[in-house]
Amino acid sequence: MSKVLTILLIFSLFLGCTKSSDKNKIVRIGISLWPPYEYLYLAHEKKIFKKLGLNIKIVEFSSISDMRKAFERGQLDIIGSTLTEFVMAHEKSTIDPRIFFIVDKSHGADVIISSLKIKNIKELKNKKVAVETGSMGVNYCSALWS
């Protein structure tokens, strides 16, 4: 629960620095389906954002690179992503993102997604598989950035 409070404190400080006319602005947070971001769903479900006067909209993405591109287009205000994606956004676009919270550390290979036809790892033999290369890397960290 301390992570939830830390994240909420950071959002409060982040949004507290906005102009008074921006206080009711919806802050769009892009996240992928990764366990450390469940704290944001918990805070939303428990109406903690609302109690703190924060107008948060969680936008779910299945692809981290799609989420980064939405951020670069201005469709998101904050994203939870890898440091690899942060560096790519910083180098390949005109935005100047800022990391404000390192959420967790991953050693990669978090999940394999398949159709219902594949019942176990052995059934992947001789099958075509796809990988999201932009977010791959050993020992990468996940961060919230805006």
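Coordinates for the structure precede this section.
Criteria and thresholds
Residues numbered from 1 in each chain as written. Predicted model: local features only at pLDDT ≥ 70, side-chain atom pairs only at ≥ 80, totals over all residues. Heavy atoms only, no water. Helix = DSSP H or I, 4+ residues; strand = E, 2+ residues; numbered from the N terminus. Buried < 20%, exposed > 50% of the residue type's maximum accessible area, 1.4 Å probe, protein only. Contact = heavy atoms within 4.5 Å. Core = buried A, V, L, I, M, F, W, Y, C linked by side-chain atoms within 4.5 Å. Pairing = 2+ DSSP bridges. Salt bridge = Lys/Arg side-chain N within 4 Å of Asp/Glu carboxyl O. Arc of directions from axis to C-beta. Polar contact = N/O pair within 3.5 Å; in protein donor to acceptor, adjacent residues only side chain to side chain.

1. Some thoughts on the overall build of the chain
Here is step 1: Regarding its fold elements, the chain presents five helices and five strands.
Here is step 2: In the chain, the succession of helices and strands from N to C terminus is α-β-α-α-β-α-β-α-β-β.
Here is step 3: Within the chain, the fraction of its 146 residues that count as buried is 37%.
Here is step 4: Of all intrachain contacts in the chain linking residues separated by at least 6 positions in sequence, the fraction that spans at least 24 positions is 74%.

2. Focus on the nonpolar core
Here is step 1: In this structure, I29, I31, L40, F49 and I56 are the most contacted members of the largest nonpolar core, which totals 15 residues.
Here is step 2: Per-element accounting of this core gives the leading share, three residues, to strand β1 (residues 27–32).
Here is step 3: By size, the runner-up hydrophobic cluster in this structure holds nine residues, among which are I64, M67, L76 and A89.

3. Thoughts on the pairing of strand β3 (residues 78–82)
Here is step 1: Burial analysis of β3 places five of its five residues in the buried class, the great majority of the element.
Here is step 2: Relative to β3, β1 runs parallel, the two being bridged by two bridges. Residue I29 lies in a different strand from β3, and its bridge partner there is I78.

4. Regarding the pattern of salt bridges
Here is step 1: Counting across every chain of the model gives four salt bridges.
Here is step 2: One salt bridge connects D77 with K25, and the closest N-O pair in it is separated by 3.3 Å. One end of the pair, D77, is in the loop between α4 (64–72) and β3; the other, K25, is in the loop between α1 (2–16) and β1, and 52 residues separate them in sequence.
Here is step 3: One salt bridge in this structure joins R98 and D96, with 2.8 Å as the shortest N-O distance.
Here is step 4: Sharing partners across several salt bridges, the network here consists of K25, R28 and D77.

5. Thoughts on helix α5 (residues 83–92)
Here is step 1: Buried residues of α5: E85, F86, M88 and A89, and no others. Buried residues of α5 fall within an arc of 165° about the axis and therefore sit on the same side.

6. What about the environment of R28?
Here is step 1: Examined against the element boundaries, R28 turns out to sit in strand β1.
Here is step 2: Owing to a relative accessible area of 25%, R28 belongs among the partly exposed residues under this scheme.
Here is step 3: As for R28 and D77, which are separated by 49 residues in sequence, their C-alpha atoms are 5.2 Å apart.
Here is step 4: Among residues more than four places away in sequence, those in contact with R28 are K57, G74, Q75, L76, D77 and I78.
Here is step 5: Separated by 3.1 Å, the side chain of R28 and the backbone oxygen of Q75 make a polar contact.

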